[in-house]
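Fold and geometry: a report
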Amino acid sequence: MDSGVDFNSQAFYVQAGYRPPSLPKWKPYARFEKAISATDEPVMGNLTNWRATAGVRCELTPTAALKVEYGHRRDLVGFLHGPNGRPDVNGLFVQTAFVF
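Residues numbered from 1 in each chain as written. Predicted model: local features only at pLDDT ≥ 70, side-chain atom pairs only at ≥ 80, totals over all residues. Heavy atoms only, no water.

Here Arg57 lies in strand S3 (residues 49-61). The class for Arg57 is partly exposed, based on a relative accessible area of 30%. Excluding anything up to four places from it in sequence, Arg57 contacts Lys25, Trp26, Lys27, Tyr29, Ala65, Leu66, Lys67 and Val99. (Helix = DSSP H or I, 4+ residues; strand = E, 2+ residues; numbered from the N terminus. Buried < 20%, exposed > 50% of the residue type's maximum accessible area, 1.4 Å probe, protein only. Contact = heavy atoms within 4.5 Å.)

Before going further, it helps to examine the packing of aromatic side chains. Under the defined criterion, the tally for this structure stands at two aromatic pairs. With centroids separated by 6.2 Å and ring planes inclined at 50 degrees, the aromatic side chains of Phe12 and Phe32 adopt a geometry described as tilted. Here the residue Phe12 occupies a position in strand S1 (residues 10-17), and Phe32 occupies one in strand S2 (residues 26-36), the gap between them amounting to 20 residues. Members of the aromatic cluster, connected to one another through ring pairs, are Phe12, Phe32 and Trp50. (Phe/Tyr/Trp six-rings, centres within 6.5 Å; stacked < 30°, edge-to-face > 60°.)

Right, let's talk about the side chain of Glu69 for a bit. Within the secondary structure, Glu69 is located in strand S4 (residues 64-75). Polar contacts involving the side chain of Glu69 include one to the side chain of Tyr29, which spans 2.5 Å. Beyond its immediate stretch of four places on either side in the chain, Glu69 contacts Tyr29, Arg31, Arg51, Thr53, Ala54, Gly55, Gly91, Leu92 and Phe93. (Polar contact = N/O pair within 3.5 Å; in protein donor to acceptor, adjacent residues only side chain to side chain.)

What follows is about the pairing of S3. Pairing analysis gives ten bridges linking S2 to S3, with the strands arranged antiparallel. Paired with Glu33 across the two strands is Arg51, which belongs to S3. With twelve bridges joining them, S3 and S4 adopt antiparallel strand pairing. Looking at the pairing, Val56 lines up with Val68 of S4. From the end of S3 to the start of S4, which pair antiparallel, there are two residues. (Pairing = 2+ DSSP bridges.)

Below, the structure written as structure tokens:
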């Protein structure tokens, strides 16, 4: 059923990384992400937030890599739409991956 109402959400991220020539197996990086959603979005609700991440990727072997990153996420719902925003989230993430 078409409600006749349009909902507009936007999101973006910016990432930068650099592989130092003296440490070719290591690649430090940083990323910033932001999402802005409609306050009355009917499916997912208001997901307005931003996240900053800093990490490093290490090539362990020609076919395996290890990634360690720290992230900080701030939910902007409370800042934009009232005093009941959700708390900030900090996290340390470790991931292994196949490289090809």
